[in-house]
Amino acid sequence: MALNPQTRSWLRTLLDDRVLFDEPMSRHTWFRVGGPADAYVVPERTADLVELVRRAASEGIPYRIVGDGTNLLVRDAGVDGLVIVLRACLREVAVTDRSGETVWVTAMAGARLQRLCRFAAEHGLEGMHFAVGIPGTIGGSVVMNAGTSAGCMADVVDTVTILFPDGATKVLPREQVRFGYRKFSIQEDRSGSEGWVVLGGGFRLRRGDPDRIQKRVIALLERRKATQPLQEPSGGCFFKNPSSGPSAGELIDRAGLKGSRIGGAVVSAVHANFIVNSGSATAADILRLRDRIREAVSKRFGVDLEEEVKIIGR
Ligand code: EPU
């Protein structure tokens with residue numbers, strides 16, 4: 001679906017050079033694949049973001065927020081409508097209350113999750129260890145309930161600020177949001193659609209020993225470096241871990257798939273739950289390799305692997 005001339009001119013007027021038309025998403029995803037977004041927009045002011053969402057929703061123009069593109073596979077034919085990026089307008093990370101043992105920190109959706117992790121370590125705050133080394137933005141990590149076996153965003157989120165498609169914003173307390181394994185939803189959905197946007201969150205951390213926290217951060221980063229193919233383009237872990245039994249990586253490894261290749265997509269020899277782009281992969285290559293992995297693991301172990309990577313586009 002191409003944007004009509006009125007929509008293009010509205011975007012140009014509102015955002016000037018902060019809108020790119022027919023922008024290849026391969027430039028904005030860690031997989032380095034993906035066709036063009038009709039419009040790739042990076043608003044600088046929150047008011048512009050609100051206007052974008054309000055008008056797009058009311059005119060039926062599809063829109064979606066994209067974080068750093070770390071866990072995202074965009075199909076080769078591209079994405080309809082607006083891809084909205086928050087890194088230029090919602091960047092703040094700050095302490096809001098440090099009067100007691102619990103310390104409240106706010107972090108906006110466009111800031112990186114690693115910034116919050118560093119901020120916590122520098123201020124001697126406990127609670128973010130599970131997230132050390134996970135790439136991506138605060139917004140993306142809330143919406144995906146990012147985490148590891150050591151914890152997930154649900155453990156530290158106290159409030160979530162939501163922008164609704166009608167332009168209203170609301171701070172929802174923890175009780176009004178729901179987290180699952182790599183899942184997030186809100187109880188209140190005014191529009192009945194999925195058009196709401198996470199603007200940021202309030203996080204509940206604890207005072208801790210700064211030295212211990214720093215040491216743990218270093219150990220976690222080293223472990224990650226030793227066990228994951230961080231130098232190659234990928235979407236992180238491709239599949240969710242099954243709810244019990246061996247991890248997805250172990251199952252794929254035991255199915256003998258390390259090094260398996262379709263086109264430019266390869267099952268990493270370092271960690272089998274990573275599909276890496278060896279340089280020339282298309283989204284279609286990656287999806288075909290996904291199918292091969294699912295089939296092999298299902299046949300061999302009777303386990304249906306579910307994707308963790310978010311797949312979008314036409
Ligand atoms: N394993 C293998 N072969 C492999 C990979 C792993 O046998 O090729 C085995 C390991 O030896 C280990 C087990 O599988 O016994 C689990 O592996 P690992 O410790 O690497 O953890 P994981 O469950 O594969 C999870 C998260 C990662 C996160 C790491 C580190 C999921 C799906 N993955 O991986 O998250 O970085 O723990 O804490 O939850 C991501 O979400 O994108 C991601 C990479």
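Details of the structure are given in the entry above.
Residues numbered from 1 in each chain as written. Predicted model: local features only at pLDDT ≥ 70, side-chain atom pairs only at ≥ 80, totals over all residues. Heavy atoms only, no water.

### Considering the environment of V19
Examined against the element boundaries, V19 turns out to sit in strand β1 (residues 19-24). Separated by 90 residues in the primary sequence, V19 and A109 have C-alpha atoms spaced 19 Å apart. In this view, V19 contacts L11, R12, A39, Y40 and V41; residues no more than four positions away in its chain are not counted. (Helix = DSSP H or I, 4+ residues; strand = E, 2+ residues; numbered from the N terminus. Contact = heavy atoms within 4.5 Å.)

### Details of the side chain of Q228
Its place among the elements puts Q228 in the loop between α5 (210-227) and β16 (234-237). The exposure class assigned to Q228 is buried, which follows from its relative accessible area of 15%. For Q228, the residues in contact, after removing those within four places along its chain, are V270, H271 and F274. (Buried < 20%, exposed > 50% of the residue type's maximum accessible area, 1.4 Å probe, protein only.)

### Description of the pattern of salt bridges
Any two side chains of opposite charge can pair, on the condition that their charged atoms come close. By the definition in use, this model includes 18 salt bridges. Overlapping salt bridges bring together D38, D80 and R314 as one network. (Salt bridge = Lys/Arg side-chain N within 4 Å of Asp/Glu carboxyl O.)

### Quick look at the nonpolar core
M128, V142, F184 and F203 are the most contacted members of the largest nonpolar core, which has 39 residues in total. Of all the secondary-structure elements, those providing two or more residues to this core are β7 (102-108), α3 (113-122), α4 (138-143), β11 (157-163), β13 (177-180), β14 (183-186), β15 (197-207) and α5. Among the elements that line this core, the one with the most residues is α3, at six residues. Apart from the residues within four sequence positions on either side, F184 is in contact with V142, V143, V160, V177, R178, F179, W196 and V198. Among the nonpolar cores identified, the runner-up in size contains 24 residues, and V33, I286, L287 and V309 belong to it. (Core = buried A, V, L, I, M, F, W, Y, C linked by side-chain atoms within 4.5 Å.)

### Quick notes on the state of the cysteines
Using the criterion set out here, one finds zero disulfides in the structure. In this model C117 remains outside any disulfide bridge; the closest cysteine sulfur is found in C152, 13 Å from its own. Judged by its relative accessible area of 6%, C117 falls in the buried class. (Disulfide = S-S within 2.5 Å.)

### Considering the packing of aromatic side chains
Geometrically, a pair of aromatic rings is defined through the distance of the ring centres and the angle of the planes. This model, assessed by the stated rule, comprises four aromatic pairs. Judged by centre distance (5.7 Å) and plane angle (75°), the rings of F184 and W196 are edge-to-face. Here F184, found in strand β14, pairs with W196, found in the loop between β14 and β15; they are twelve residues apart in sequence, far enough to count as distant. Under the relative-accessibility criterion, F184 is labelled buried at 11%. The class for W196 is buried, based on a relative accessible area of 13%. Three or more aromatic residues joined by ring pairs make a cluster, and in this case those are F31, F238 and F239. If you follow R8 out to its NZ or CZ, it ends over the ring of F21, 4.5 Å from the centre. (Phe/Tyr/Trp six-rings, centres within 6.5 Å; stacked < 30°, edge-to-face > 60°. Lys NZ or Arg CZ within 6 Å of the ring centre and 35° of its normal.)

### A short note on the sheet that holds strand β2 (residues 36-41)
Within a sheet, each strand pairs with its neighbour through backbone hydrogen bonds, oriented either parallel or antiparallel. Taking strand neighbours across the sheet as the criterion, the four strands line up as β1-β2-β5-β3 in an open arrangement whose pairing is mixed. The open sheet has two edge strands, β1 and β3 (63-65), and neither has a second partner. Ignoring which end each strand starts from, the neighbouring axes of this sheet average 30° apart. As paired strands, β3 and strand β5 (residues 79-84) are joined by three bridges and run parallel to one another. (Pairing = 2+ DSSP bridges. Axes fitted to C-alpha atoms, helices over the stretch in contact; angles between N-to-C directions.)

### Observations regarding the site of the ligand
Near the ligand you find 21 residues, and of these Q228, C237, N241, A272 and E308 are the closest. The separation between an oxygen atom of the ligand and a polar side-chain atom of R223 is 2.9 Å. Note that an oxygen atom of the ligand is positioned 2.8 Å from one of the side-chain N or O atoms of Q228. With the chains in place, 74% of the 820 Å² that the ligand exposes on its own is no longer accessible. Mapped by element, the contributors of at least two residues to the shell around the ligand are α5, β16 and α6 (248-254). Considering only residue class, the shell around the ligand consists of five nonpolar, nine polar and seven charged. Looking at which domains feed residues into the shell around the ligand, each of domain 2 (93-227) and domain 3 (248-312) gives three or more. (Near = heavy atom within 4 Å. Polar contact = N/O pair within 3.5 Å; in protein donor to acceptor, adjacent residues only side chain to side chain. Areas by Shrake-Rupley, 256 points an atom, 1.4 Å probe, with all protein chains shown as cover. Nonpolar A, V, L, I, M, F, W, Y, C, P; charged D, E, K, R; others polar. Domains from an automatic or database assignment.)

### Comments concerning empty space enclosed by the protein
Tallying each qualifying case throughout the model produces one cavity of 30 Å³ or more. Its volume calculated, the largest cavity comes out at about 60 Å³. Split by residue class, the lining of the largest cavity holds eight nonpolar, two polar and two charged. (1 Å grid on protein atoms, 1.4 Å probe; cavity = no way out; pocket = protein on both sides within 12 Å on 5 of 7 lines; lining within 4 Å. Points joined across faces, edges and corners; volume = space filled by probe spheres on them.)

### Here's the deal with the sheet that holds strand β17 (residues 261-262)
Spatial ordering of the open sheet is given by β16-β19-β18-β17, a layout of four strands whose pairing is antiparallel. On the outer flanks of this sheet lie β16 and β17, each paired with one strand and no other. In this structure, β16 lies alongside strand β19 (residues 274-277), joined through two bridges in antiparallel fashion. By the bridge assignment, S234 is partnered in β19 with V276.

### Regarding the environment of V85
Looking at the element boundaries, V85 is found in the loop between β5 and β6 (93-97). With a relative accessible area of 1%, V85 lands in the buried category. Between the C-alpha atoms of V85 and E44, which are 41 residues apart in sequence, the distance is 9.7 Å. In contact with V85, other than residues within four places in its own chain, are Y40, V41, V42, P43, V66 and G67.

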